[in-house]
Every structure is written in C-alpha cells, then in structure tokens.
Amino acid sequence: MNEHPVATPPPGTAASHPQLRIFIVENHDDTRFLLGLLLEQLGHTVLSVATMQEALRTIPGANCDVLISDVGLPDDNGWDLLKKLEGRQPRYAIAMSGFGMSADRERSRSAGYRHHLLKPIEPNQLETLLDEAAREIEAGA
C-alpha cells in the first residue's frame, strides 16, 4: 500500500476542491502513481494499492470518502471488489477501464459504481466527479 503525503496544490486549486480521502486500486504502477499525484495536487489525501486482496485488507480501516478502481485487476475485477466490500466501501465509487462499451458501463453501474471512466482519464472530468462526490458526502447522501 502506498500512502502519499498531501502535496501542496498549485495556487488557487485547493480552494475550489474540498479535500477528500481517496482510495485507488490500480495494478499498473505508473497509472497509480500519476493518478495519485494528480489527486494530491488537487489537495486530496491518497491511499493506493495494486490488487483486490490488498484493497479488501485495507479499505475497511481506511475511512475513505471515494474509491477509484480499475475494473481489470490481476487477482479479480473491480466489479467483484464492490460486492465483497458491500457495506464497508466508501459511499462514492468510480470505475476506470480501458473498455468503454455500453455493456462495460452498465456492469459498473450495476456493481455500484457511480461512474465509469475510460482510460486515459481526463483530469477535468475527474475533478468534476470529485466535486460531485464532495457535495453528496457533505449533504449526507
């Protein structure tokens, strides 16, 4: 598990984004690192792991607000991850995948993900979703 300290965001960035505690599950080291770096620059706290088994061991005690998970994991898939975490996962989950067919998106929604992002992830789209997550969490949704 990697826990990155909160990076100092660029001027003007942190004020527009409430700080969230985000858990990333992504087996590709470079993708996990770059996504974590982006999120830290936005002022968020990031925890990250590479496998579903690491996620299952870590998420319940991590007190995270948002889960961002690849659906293609080496030891299972992100869809099953939410099933196995039922009742213990963050309230807001975002799937990411290299596959974006309507069946993939529907499977993510059916599993409990709020959104299904196609890799490579657009930073502006992710920022918008995290702002949505922060509003919903703050409202107690």
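Worth saying up front: this structure is predicted, and the values here are computed from it rather than measured. (Residues numbered from 1 in each chain as written. Predicted model: local features only at pLDDT ≥ 70, side-chain atom pairs only at ≥ 80, totals over all residues. Heavy atoms only, no water.)

1. Observations concerning the pattern of salt bridges
Within this structure, the stated rule accounts for 7 salt bridges. Of the charged contacts in the structure, one is a salt bridge between Asp 76 and Lys 84, with a shortest N-O distance of 3.2 Å. Judged by relative accessible area, Asp 76 falls into the partly exposed class, the value being 24%. In this structure, Asp 80 and Lys 83 form a salt bridge, with 3.7 Å as the shortest nitrogen-oxygen distance. Remark: Lys 83 and Asp 80 occur in helix H3 (residues 78–84); sequence separation between them is 3 residues, near one turn of the helix. (Salt bridge = Lys/Arg side-chain N within 4 Å of Asp/Glu carboxyl O. Buried < 20%, exposed > 50% of the residue type's maximum accessible area, 1.4 Å probe, protein only. Helix = DSSP H or I, 4+ residues; strand = E, 2+ residues; numbered from the N terminus.)

2. Things to note about the pairing of strand E4 (residues 66–70)
In terms of burial, E4 is largely enclosed, as 5 of its 5 residues are buried. Burial along E4 is two-sided: the face carrying Val 66, Ile 68 and Asp 70 and the face carrying Leu 67 and Ser 69 are both buried. Here 4 bridges tie strand E2 (residues 21–25) to E4, and the two strands are oriented parallel to one another. In the sheet register, Phe 23 faces E4, and the bridge partner there is Leu 67. Of the strand pairs in this sheet, E4 and strand E7 (residues 92–97) are connected by 5 bridges, and their pairing is parallel. Paired with Ser 69 across the strands is Ala 95, a residue of E7. (Pairing = 2+ DSSP bridges.)

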